[in-house]
Amino acid sequence: VVARRLLRKTEREDAKAGNPKIAGASVVIRGTEGMAVQLATCCRPIPGDAIAGSMKKGQGLVVHTAECRQATRSRRAEPEQWIDVEWDRRPSRLFQSALRVTVTNQRGVLAKVASGIAEAGSNIDSISMEEDRAVFTTMLFVIEVGNREHLARVMRALRRVPEVEKMVRVRE
């Protein structure tokens, strides 16, 4: 990690000196080999998202989505801790993503939504529900997906459930 940061510094110096062939190098995220890599739970990045990495003492490389509010604040305050990262072209594992789904409050609706998620090839890691209301209930699902396309398939499957009124990916 230190070598990569030093290399990045020399690449910036070379780029300023007019040697563009090595400017803009980035670290490729390939699971956890070579360094401790953590995906930030505030924004839950998945392959296909634009990402940025922060070197944190005791944590290693922490990866955020590029538009994460927490990351944006930290980048302004401590720009030297941030490095460019990108996803491996073929990720070899599943990633957590959060969905907030508002449904019509009816008997069996949780089973229908869970079935839609399963039929789209995703697994549910956790479910929580916001306060029960008379007409609508909001459920927060943390699911496993391979990339943004997989997440889009899950969301399309849930849109076909008649009781689903609103759905958003939770990033913060």
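As a reminder, the structure under discussion sits directly above these lines.
The text that follows walks through the structure, step by step, so that each part is easy to find.

Reading guide: rules and limits
Residues numbered from 1 in each chain as written. Predicted model: local features only at pLDDT ≥ 70, side-chain atom pairs only at ≥ 80, totals over all residues. Heavy atoms only, no water. Phe/Tyr/Trp six-rings, centres within 6.5 Å; stacked < 30°, edge-to-face > 60°. Buried < 20%, exposed > 50% of the residue type's maximum accessible area, 1.4 Å probe, protein only. Helix = DSSP H or I, 4+ residues; strand = E, 2+ residues; numbered from the N terminus. Polar contact = N/O pair within 3.5 Å; in protein donor to acceptor, adjacent residues only side chain to side chain. Arc of directions from axis to C-beta. Pairing = 2+ DSSP bridges. Axes fitted to C-alpha atoms, helices over the stretch in contact; angles between N-to-C directions. Contact = heavy atoms within 4.5 Å.

Remarks on the packing of aromatic side chains
Two aromatic rings, taken as a pair, are described by how far apart their centres are and by the angle between their planes.
At step 1: As enumerated under the stated definition, the model contains one aromatic pair in all.
At step 2: Note on Trp 87 and Phe 95: the rings are 5.4 Å apart at their centroids and 75 degrees apart in plane angle, and the pair reads as edge-to-face. The same class applies to Trp 87 and to Phe 95, which are both buried.

Observations regarding the side chain of Glu 163
At step 1: As for its placement among the helices and strands, Glu 163 is situated in the loop between α4 (148-159) and β9 (164-170).
At step 2: A polar atom in the side chain of Glu 163 sits 2.7 Å from the side chain of Lys 112.

Topic: helix α3 (residues 109-119)
At step 1: Considered for burial, the residues of α3 that qualify are Val 109, Val 113, Gly 116 and Ile 117. Buried residues of α3 fall within an arc of 100 degrees about the axis and therefore sit on the same side. Those residues of α3 that are exposed and angled more than 90 degrees off the buried face are Ala 111 and Glu 119.
At step 2: One or two residues past the end of α3 sits Gly 121, with phi positive at roughly 85 degrees.

Observations concerning the sheet that holds β9
At step 1: Taken together, four strands build an open sheet; the order of strands is β7-β8-β6-β9 and the sheet is antiparallel. At either end of the open sheet lies a strand with only one pairing partner, and these are β7 (123-129) and β9. In this sheet, adjacent strand axes meet at a mean angle of 25 degrees when their direction is disregarded.
At step 2: Sheet contacts for α3: β6 (95-104), β7, β8 (136-145) and β9; angle to β8, the most-contacted strand, approximately 25 degrees.
At step 3: Across the sheet, α4 lies against β6, β8 and β9, angled at about 165 degrees from β9, the strand it touches most.

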